[in-house]
Amino acid sequence: MTARAPVFALAVVGTLALGYVALRSATPGEDPSVRATLSVVDLLRGDMGEGFARALEPRPFLFPEDHGPHPDFRTEWWYLTGNLLDPAGRPFGFQLTLFRSALNPGAEAPGREDGASSSWFARQVYMGHFAVTDGEGGELRAFERFARGAQGLAGARARPFRVWVEDWSLEGPASPDSALFPLTLRAREGEVELTLALSPAKPMVLQGEAGLSRKGPEPGNASYYYSFTRLAASGEVRVGGVPLPVAGTAWMDREWSTSALSPGQVGWDWFALQLEDGYDLMFYRLRREDGSPDPLSSGSWVTPEGEGRTLAAEEVGLEVLGRWRSPLDGASYPARWRLTVPGERMEVEIVPLVPDQELPLTFRYWEGAVRVSGTRRGKGVEGVGYVELTGYADSGAPPASGRRISRTGGG
C-alpha cells in the first residue's frame, strides 16, 4: 500500500508495508503463529523507527540492487495488482503483495550465552497477501501468510531477483545480468492458484521527487518509491480447481520506508488506473482525522511512451458517489468515485468490479479491481485499475460467515 502500495500498497501506500509482527515462538515444536501488534496506520508512523534508516532526500537508484531488500529500513513491499480476462471475457482481478518488516535494528543473528546462534532467529519477518476477484462469480477470495526470514521460509534477494513467503513468490530470470524481467508470479492456496509471466510495456517511473515520496512535513516521513505502471500479463488462474488461461495488464509498485505518515493522518485512498488510450494515473489521497484531504496527497500521470510527471493534490479532483458497508461490522467504505484531472481535460467514473473486496485479514482494508469510464480531451475513454482504501475499519475483525478468507503462518 503506497502508503501501495500507498502506494502505498499497503501501495503502502502503499500499500500494503504493514508487517510489524511479534513472533510467538522461535523453535520447532512451539506454536509458530504470529500476531499483529499495530494497525497499518500506526505502523507507518515514525514513533517506532529509532535506529532504522529513513528516506530523507532523493538518492540515486541502483539496479538490480534496489529491486532487492533494504533491511536497514523498517518496512518495504513488492506489490502486484492487475486485471485479467479469460478467452470468454470472464474478468478477474488479482493482488499479490509481499511485505518485509524488521522487528528491530541491529545484527541479524545475535549470539546466545553459549556462543552459538539460533538458526531460527530472524530480524526480518515477511507477510504475504494473495487475493483473486472473480468478476463473474461476484466473489473475492483472499489469503494471508506470515513467515520469519529464516530457514528458507521467506526472504528477498536481488541477484538473481526473488522474493517469497513459502511458495508464494515473485522471481526474475536466473541470468548473469540479474534482470528483473520477465517476472514470474506464483501463488496457490487451496483451490485458488495464479501463475503469471509479466513483462514491462513501459519503462519504470520514479514517484514523487525523483523517487522520494513525501507523506508528511516531518523529515523522514517519506518513502522511496518506483513503479512499473503497465505490465503485460499472461498465464493461468484456477478458481474452484478449474484452470483458465488469462491475459491482461498488471501494475507493480516498489516502496520502502521507516515512517511515512504524520500525526493526524488516519488513512489513504489509493488509485492505480490504466486507460485504454495508453495513459496511466496513480493518485493517493491522504485523509486527516476530520475527513479532509491532506495537502501532501499526490500522484503521477504517465504517457503511453512512459514519461511521467508528478500530480499535486490540487491537480486531481475526487468525489465519492456511493458507499459500501462491510458485513463484518457495518464499516462504511467509498464504493464509487468521480475523478477529474482538469489539466488533462479528463473526467472518469470508477466502479468496483465487485462491491465486496474487503480483506479482513490481520490488517483490514479494501483492495479491489475497478472499471473506469468517462472522457479525456473530448473523447470517450475506458480502462481498468485497482483501488486501495485504509483506515475505514478496525483491524482484526473475524471473517463473516461464508467469506473466503484464509490465514497461514510459517515457522
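Residues numbered from 1 in each chain as written. Predicted model: local features only at pLDDT ≥ 70, side-chain atom pairs only at ≥ 80, totals over all residues. Heavy atoms only, no water.

Asks: Can you tell me about the nonpolar core, naming the residues and giving the values?
Replies: With 46 residues, the main nonpolar core has Phe-130, Leu-170, Leu-185, Leu-196 and Leu-198 as its most contacted residues. For this core, the leading source of residues is strand S14 (residues 222-239), giving eight residues. Setting aside chain neighbours within four positions, we find Leu-198 in contact with Leu-80, Phe-181, Pro-182, Leu-183, Leu-185, Leu-231, Ala-232, Ala-233 and Ala-250. (Core = buried A, V, L, I, M, F, W, Y, C linked by side-chain atoms within 4.5 Å. Buried < 20%, exposed > 50% of the residue type's maximum accessible area, 1.4 Å probe, protein only. Helix = DSSP H or I, 4+ residues; strand = E, 2+ residues; numbered from the N terminus. Contact = heavy atoms within 4.5 Å.)

Asks: Account for the pairing of strand S11 (residues 192-200), with residues named and values stated.
Replies: Of the pairings in the sheet, the one linking strand S10 (residues 183-189) to S11 comprises seven bridges and is antiparallel in character. Of the residues in S11, the one forming a bridge with Arg-186 is Thr-195. The antiparallel hairpin formed by S10 and S11 contains two residues in its connecting segment, where Gly-190 sits at a positive phi of about 60 degrees. The sheet contact formed by S11 and S14 spans eight bridges and is antiparallel. For Leu-194, the partnering residue across the bridge sits in S14 and is Val-237. (Pairing = 2+ DSSP bridges.)

Asks: Go over the pattern of salt bridges, please, and point to the residues and values.
Replies: The full count for this structure, using the stated rule, is 33 salt bridges. Put simply, Glu-236 and Arg-238 hold a salt bridge, and the shortest N to O gap is 3.5 Å. Between Asp-277 and Arg-376 there is a salt bridge whose closest N-O contact spans 3.0 Å. Of this pair, Asp-277 sits in the loop between strand S16 (265-275) and strand S17 (280-288) while Arg-376 is found in strand S24 (residues 364-376), placing the two residues 99 residues apart along the sequence. By relative accessible area, which is 12% here, Arg-376 ends up buried. Beyond isolated ion pairs, a larger network of salt bridges with shared partners links Asp-277, Arg-309, Glu-315, Glu-344, Arg-376 and Arg-377. (Salt bridge = Lys/Arg side-chain N within 4 Å of Asp/Glu carboxyl O.)

Asks: Explain the side chain of Asp-269 to me, using residue names and the numbers behind them.
Replies: Mapped onto the elements, Asp-269 comes out in strand S16. According to the relative accessible area criterion, Asp-269 is buried, its value standing at 0%. A polar side-chain atom of Asp-269 sits 2.7 Å from a polar atom in the side chain of Arg-285. A polar contact is formed between the side chain of Asp-269 and the side chain of Tyr-392, at a distance of 2.8 Å. (Polar contact = N/O pair within 3.5 Å; in protein donor to acceptor, adjacent residues only side chain to side chain.)

Asks: How would you sum up the environment of Gly-378? Please name residues and give values.
Replies: Summarising the element assignment, Gly-378 is placed in the loop between S24 and strand S25 (379-389). The spatial distance from the C-alpha of Gly-378 to the C-alpha of Met-346 is 8.3 Å, given a sequence separation of 32 residues.

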